[in-house]
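Breakdown of the fold
Here are the chains, one letter per residue:
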Amino acid sequence: MGSGKFSVTLMIGAPGAGKGTQARYVRETLGIPHVATGDLLREHRRRGTVLGRTARAYMDRGDLVPDDLVVKMVIDRLEQPDAANGVLLDGFPRTLTQAQALDVELSARGGGVAAALFLDVPPGVLVRRLSGRRMCDGCQSTYHVDLHDLPADGTCPECGEHLVQRRDDQRSAVARRIAIYLDQTTPVLDHYRSRGLVHRVDGNRPVEQIRSDLLCVLRRRVPALVAS
Ligand code: AMP
């Protein structure tokens, strides 16, 4: 842990809101690691760890992985040396319990949440986006079958590994994930809204416009980390 201010920036939004896509841009601007709990959990699954094996059933159904497991995984990640200046947290916290655990952890480090970027997308759009989404098994880049001209052999244009449809992007799990988001993550937004930390960005627009709005917010809210 570095000394001084340890602050995290949060990326909040429903499944399919575009958090991962935008976080990849934002992390370059902020120069801090992008920590996506979904990516970390998928990595545990690939490695066959105890956490990965436990998380699998929850994830495939579209349920949330229990709070204690996810909180521990995030705190372990925050301990890594590359996180000394803070991280961009994507997909965490997703429940009020997780938000409270993060508050305790950050205040123990004399830090806090710098900003919560809320990507707002209507539920009907989310269903269309998630059902057409394909993810790379290797670099975890995501594509949409209607928006990208993908190679016929099903490989990733970025790294050449296989593109797959995540099991939880299949229709039955998608509806469940959106319902859980509305029920469990709305209170998280309220939690940060009451502290004036939430910055809503309309996520139902072209990627570039969303990106430029997010960068404007970051220049105002996290100037220490934004280079220009
Ligand atoms: P994502 O890639 O963010 O859509 O996450 C994929 C899945 O990982 C979710 O549907 C959950 O099962 C699990 N997951 C990711 N982040 C969290 C979290 N903060 N709390 C609980 N489960 C999570």
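Whatever comes next refers back to the structure up there.
Description of the structure in this document. Just so you know, these numbers come straight off a predicted model, no measurement behind them.

For the coordinates displayed, the defined rule picks out 20 salt bridges. A salt bridge links Arg167 to Asp60; the nearest nitrogen and oxygen atoms lie 3.6 Å apart. Of the two residues, Arg167 is situated in the loop between strand S7 (163-164) and helix H7 (171-193) and Asp60 in helix H3 (residues 50-61); the sequence distance between them amounts to 107 residues. On the basis of relative accessible area, Asp60 is assigned to the partly exposed category, the value being 21%.

Relative to the assigned elements, His34 resides in strand S2 (residues 34-36). By relative accessible area, His34 is classed as buried at 15%. Among the polar contacts made by the side chain of His34, one reaches the side chain of Asp90 at a distance of 2.8 Å. Sequence-distant contacts of His34, defined by excluding residues within four places in its chain, comprise Gly20, Ala23, Arg24, Arg27, Asp39, Leu88 and Asp90.

With that settled, the discussion passes to the site of the ligand. The full set close to the ligand counts 16 residues, and Thr37, Arg42, Asp63, Gly91 and Gln98 are the nearest of them. Separating an oxygen atom of the ligand from a side-chain N or O atom of Arg42 is a distance of 3.0 Å. Within the backbone of Gly91, one N or O atom sits 2.9 Å away from a nitrogen atom of the ligand. Computed on the free molecule, the ligand has an accessible area of 480 Å², of which 95% lies beneath the protein chains in the complex. With 4 residues, helix H2 (residues 37-47) is the single largest residue contributor to the shell around the ligand. Within the shell around the ligand, the residues separate by chemical class into 6 nonpolar, 4 polar and 6 charged.

On to the pairing of strand S1 (residues 7-13), then. Counting buried positions along S1 yields 7 of 7 residues, so the element is predominantly enclosed. Of the two faces of S1, both are covered, the one formed by Ser7, Thr9, Met11 and Gly13 as well as the one formed by Val8, Leu10 and Ile12. Of the strand pairs in this sheet, S1 and strand S4 (residues 112-120) are connected by 7 bridges, and their pairing is parallel. In the strand pairing of S4, Ile12 is matched with Phe118. Examined bridge by bridge, S1 and strand S3 (residues 88-90) share 3 bridges and lie parallel to one another. Note that in S3 the partner of Met11 across the bridge is Asp90.

At a minimum axis distance of 10 Å, the contact between helix H4 (residues 67-78) and helix H5 (residues 96-108) shows a crossing angle of 30°. Considering their axes alone, H4 and H5 lie roughly parallel with respect to each other. Judged by the twist between their axes, the crossing of H4 over H5 is right-handed. Within the contact between the two elements, H4 uses Asp67, Val70, Val71, Ile75 and Leu78 and H5 uses Thr97, Gln98, Ala101, Leu102 and Glu105. A class-by-class count of the residues in the contact of H4 with H5 yields 6 nonpolar, 2 polar and 2 charged.

Attention now moves to the packing of aromatic side chains. In total, this model carries 0 aromatic pairs according to the counting rule given. Note that Arg61 overlies the ring of Tyr58, its terminal NZ or CZ placed 5.4 Å from the centroid. Here the guanidinium or amino end of Arg109 rests over the ring plane of Phe6, the centre of that ring lying 5.0 Å away.

Within the open sheet, the 5 strands sit side by side as S2-S3-S1-S4-S8. Their pairing is parallel. Every other strand in the sheet has two partners, leaving S2 and strand S8 (198-202) as the edge strands with one partner each. Taken pair by pair, the neighbouring strands of this sheet meet at an average axis angle of 20°, ignoring direction.

Conventions and cut-offs
Residues numbered from 1 in each chain as written. Predicted model: local features only at pLDDT ≥ 70, side-chain atom pairs only at ≥ 80, totals over all residues. Heavy atoms only, no water. Salt bridge = Lys/Arg side-chain N within 4 Å of Asp/Glu carboxyl O. Helix = DSSP H or I, 4+ residues; strand = E, 2+ residues; numbered from the N terminus. Buried < 20%, exposed > 50% of the residue type's maximum accessible area, 1.4 Å probe, protein only. Polar contact = N/O pair within 3.5 Å; in protein donor to acceptor, adjacent residues only side chain to side chain. Contact = heavy atoms within 4.5 Å. Near = heavy atom within 4 Å. Areas by Shrake-Rupley, 256 points an atom, 1.4 Å probe, with all protein chains shown as cover. Nonpolar A, V, L, I, M, F, W, Y, C, P; charged D, E, K, R; others polar. Pairing = 2+ DSSP bridges. Axes fitted to C-alpha atoms, helices over the stretch in contact; angles between N-to-C directions. Parallel < 35°, antiparallel > 145°, perpendicular 65-115°, else oblique. Left-handed = near helix turned anticlockwise from the far one by under 90°. Phe/Tyr/Trp six-rings, centres within 6.5 Å; stacked < 30°, edge-to-face > 60°. Lys NZ or Arg CZ within 6 Å of the ring centre and 35° of its normal.

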